[in-house]
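Observations on the model geometry
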Amino acid sequence: MTEQNPDDTGVWRHPAAGEPSWFTPSKRVPRPDARVWPPPPPPSEPPGSSTVPIPVVRHASRNQPWPPPARPMAVPPAMPEAPAPRPPEPPVEAAFAPEPASEPTPVPVAARRRRRRRPMPKAAKIGIQFSGAVILACAFVGVRGYDALGQYREKVPAASERHVPKGRSAPLGNATWRLVGIALAPSQFQTPETPDREMMQIEVEATGLNADAKYYTSSLPGFYLSDKAGRMWLALASKTPEELGAGKTGRFTLMSAVPKALEDQVELVMWPSEHEGKDQSGPSLRFAR
Amino acid sequence: MVTHPGFVPDAPARPSPQGAPRARVPVWRRVLGAIAGLALACGAVYVQSLVLTPDQLNDPITTSGGMHDELVTDRFSTRVERLEFARTVRVKQTYTTDEATTDNIFLIVKVGATTPRRPTRLDAHLLTADGLRFEPTDRVAATASMADKWVQPGWWRSGFFFFEVPKPAVAGLRLVVAEPETLFGDTWVAETSADLGLDETEAERMVGAAKDVYEVTG
């Protein structure tokens, strides 16, 4: 039994010494020198080797490798009886001969003019660079601000207030709301220790638009009393309807403390939820008294 | 391969042999330019050290003052009205009386607050001289605290914040009042920071004169 090499997996073996392999390096055969640049002239072909003579296109501009399409003729030309006399064929040798090096390529007129333009004054150059930097900075800040504003508006929708005339009702959320009245609260609710405030009692009637209106009995909408300047005072519910639903009407009784001077000016403002009322975002109703 | 002469790119134009002679720059100008470049690079690196960290960018905008100063922000105004130390706080409610005792000391801060526009609630915390933060204690019923009360426009509302602090930390305390933090915190929220005027001697005197029982209703 032969001793086995532990590294030998049996998959690959060293090739035999004489055997040519891609792995064993072999001596490189030096290649003969060949002219690479400038490209060698094409091998001349013996005359008569080409069956179709290709005429040399002279004065072809390199910027226009493709000729403009020919206009379609209104009337197709009649077939000539006899083939037109051919122009004298250029010799085949000339077709492949390189262009004479002495002939300079024509420089475009615009490039010549650009090269001749006077250099820009240094002050103008610095001014252009500076204004470019300022414009780019403004654009950067503007785009970032616009993006931040968009994100904020997605989170907190813009407030839109709807004014409701006296005695009318308006839909908001899952119900239609009507202000019944704002009046001074009965004397047992007044607080004698704070004579500068007045307790107000507000009656609001809600008629459900769909079955989800029942949630207003537990999670109240955001009610506030507001003056003309936009200051807000909490209006907390002291009585909520037993049930509310599609087509059902219920009455909310709210209490709110406002400064004494504003007791006959404050108006009821409401948002569909307490959270929106806290942010003062989204649609809201303002009831005229 | 046969290449048509038209498709072979031209060799790049060689610079003219004589060439325009380069303008001579004096040595002192080169040195000056190198120094200016180095200074600009150092300045750029230094400015990077002034960039605010994300935490600092979220810092609130603080209005500072002392005792009895009216500290005004866009969202609310506060003033510290009174300061008391006590070993026991008794909260009298309608039917029960809760008593909270501590081995440290209770600091009772009476704060008045109002808002310019809309109703809000306020939270408070203490900052010690060396940057420690104390939240209001939970030994005292939350209903007695100012944090439970609405602050509305048009009038000042006063209430108490109760803190439990170790006696050595009393000197140099500041009271910071802000609106409660939301889950996804707003940036640049307003806060007021009032120096409670407790230097070493004053702190020692007030802690020594702490009441046995401080009684509030709530």
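Keep in mind that this is a model prediction, so the values were computed, not measured.

So, the pairing of strand S9 (residues 267-271) of chain A
All names here are of chain A. Burial analysis of S9 places four of its five residues in the buried class, the great majority of the element. With five bridges joining them, strand S5 (residues 222-226) and S9 adopt antiparallel strand pairing. Within S9, the residue paired with Tyr224 across the bridge is Val269.

Focus: the sheet that holds strand S9 (residues 190-195) of chain B
All names here are of chain B. With mixed pairing, five strands are arranged side by side in an open sheet as S1-S9-S8-S5-S6. In this open sheet, the two strands that pair with only one neighbour each are strand S1 (61-65) and strand S6 (133-134). Two strands pair when backbone bridges link them, and strand S5 (residues 123-127) and strand S8 (residues 174-178) are joined in this way by five bridges, in the antiparallel orientation. Within the sheet, the bridge partner assigned to Leu126 lies in S8 and is Leu175.

Examining the nonpolar core
All names here are of chain B. One finds Val89, Phe106, Val111, Phe161 and Leu175 to be the most contacted residues of the largest nonpolar core, which totals 35 residues. Going through the elements one at a time, strand S3 (77-92), strand S4 (97-114), S5, strand S7 (157-165) and S8 are the ones with two or more residues in this core. A per-element tally of this core places S4 first, with six residues.

Examining the confidence of the model for chain A
Residues and elements named next belong to chain A. Here chain A shows a mean pLDDT of 81. Residues at 70 or above account for 75%. By mean pLDDT, the top-scoring element of chain A is helix H3 (residues 122-155) (95), and the lowest-scoring one is helix H1 (residues 92-96) (47). Low confidence marks residues 75-84, where pLDDT is under 50. Its contacts with residues over four positions away, or in another chain, come to zero contacts.

A closer look at the sheet that holds strand S8 (residues 249-259) of chain A
All names here are of chain A. Sheet architecture is open: five strands sit in the order S2-S3-S4-S8-S7, paired in antiparallel fashion. Two strands close off the open sheet at either side, each with one partner strand: strand S2 (169-172) and strand S7 (236-239). Neighbour to neighbour, the strand axes of the sheet diverge by 40° on average, direction disregarded. Bridge analysis of S2 against strand S3 (residues 175-184) gives four bridges, and the strand direction is antiparallel. Within the sheet, the bridge partner assigned to Ala170 lies in S3 and is Trp177.

Focus: helix H1 (residues 27-48) of chain B
Here H1 of chain B is 22 residues long and its end C-alpha atoms lie 32 Å apart, about the 32 Å a rise of 1.5 Å per residue gives. When you tally the buried positions in H1 of chain B, you get zero out of 22 residues, a small fraction of the element.

Thoughts on unusual backbone geometry
Keep in mind that most residues, glycine aside, have a negative phi and that most peptide bonds are trans. All names here are of chain A. For the bond from Trp37 to Pro38, the omega torsion is -10°, close enough to zero to count as cis. Take Pro38: it is sitting in the segment before H1. Although it is not a glycine, Gln280 sits at a positive phi angle of roughly 55°. Counting through the fold element by element, Gln280 comes out in the loop between helix H4 (274-279) and strand S10 (283-287).

Cut-offs and rules
Residues numbered from 1 in each chain as written. Chains lettered and ligands numbered in written order. Predicted model: local features only at pLDDT ≥ 70, side-chain atom pairs only at ≥ 80, totals over all residues. Buried ≥ 20, exposed ≤ 12 C-beta atoms within 10 Å, placed from the backbone. Helix = DSSP H or I, 4+ residues; strand = E, 2+ residues; numbered from the N terminus. Pairing = 2+ DSSP bridges. Core = buried A, V, L, I, M, F, W, Y, C linked by C-beta atoms within 7 Å. pLDDT = per-residue confidence, 0-100. Contact = placed C-beta atoms within 7 Å. Axes fitted to C-alpha atoms, helices over the stretch in contact; angles between N-to-C directions. Expected span 1.5 Å × (residues − 1).

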